[in-house]
Amino acid sequence: SFIGEESVAAGEASILTDNPTWIIDPIDGTTNFVHRFPFVAVSIGFVVNKKIEFGIVYSCVEDKMYTARKGKGAFCNGQKLQVSGQEDITKSLLVTELGSNRDPEAIKIILSNMERLLSIPIHG
């Protein structure tokens, strides 16, 4: 099976089944792309039985290829990635994206979530 982000964004229905499925976003960061903001990627995932098996993200501007496989770790241009180990959220950097849904109910939820996040003494 195949699920394309651009098709879903255009309103096409997609149902994730147990079948092996490719999930592809050919322009991940469409808003960035449209506004010529240079952070765009090609994102590909492969799912079997509704569980992710591997993913690939190619950051075009940075020329970086991120790969990950279930049980095998994550890599950037072939070098293994590690999480920081930081456990104190006050020493973390908050990076968020608000999405494109401008439905009043969605906006309420987004703002409520942001309010909760911004009440934590974090950086960003």
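As the structure is a computational prediction, the values presented were derived from the model and not from experiment. Starting afresh in each chain, residues are numbered from 1 along the sequence in its written order. Where local features are concerned, this predicted model is filtered to residues with pLDDT of at least 70; where side-chain atom pairs are given and counted, the filter is 80 or more; whole-chain, interface and lining totals use all residues. Remark: hydrogens and water are excluded; side-chain values derive from all non-hydrogen atoms of the structure.

A. View of the pattern of salt bridges. Salt bridge criterion: a side-chain nitrogen from Lys or Arg within 4 Å of a carboxyl oxygen from Asp or Glu. In this structure the tally under the stated criterion is 3 salt bridges. A salt bridge links Glu 105 to Lys 108; the nearest nitrogen and oxygen atoms lie 3.4 Å apart. Highlighted residues: Glu 105 and Lys 108, both in helix α3 (residues 104–118), separated by 3 residues, approximately one helical turn. Relative accessible area decides the class of each residue, using a 1.4 Å probe on protein chains only: under 20% of the type maximum gives buried, over 50% gives exposed, and in between gives partly exposed. Here Lys 108 falls in the exposed class, since its relative accessible area comes to 54%. In this description a helix means any DSSP run of H or I spanning at least four residues, a strand means any run of E spanning at least two, and both kinds are numbered starting from the N terminus.

B. Quick peek at the domain arrangement of the chain. These domain limits were set by an automatic method or by a database of domain assignments. The domain architecture assigned to the chain consists of domain 1 (2–80) and domain 2 (89–119). On a C-alpha basis, the centres of domain 1 and domain 2 stand 23 Å from each other.

C. Focus on the UniProt feature "binding site: Mg(2+)" (unreviewed entry) in the chain. UniProt positions are given in the numbering used here, feature names are shortened, and annotations may be inferred rather than shown by experiment. As annotated in UniProt, the feature "binding site: Mg(2+)" (unreviewed entry) corresponds to Glu 5, Asp 25, Ile 27 and Asp 28 in the numbering used here. Spatial clustering of the annotated residues is evident: they stretch over 24 residues in sequence, but the largest pairwise C-alpha distance comes to 8.6 Å. For Glu 5, a relative accessible area of 32% gives the class partly exposed. Once residues within four sequence positions are removed from consideration, Glu 5 is found in contact with Ile 24, Asp 25 and Thr 30. Contacts: residue pairs with any heavy atoms within 4.5 Å of one another.

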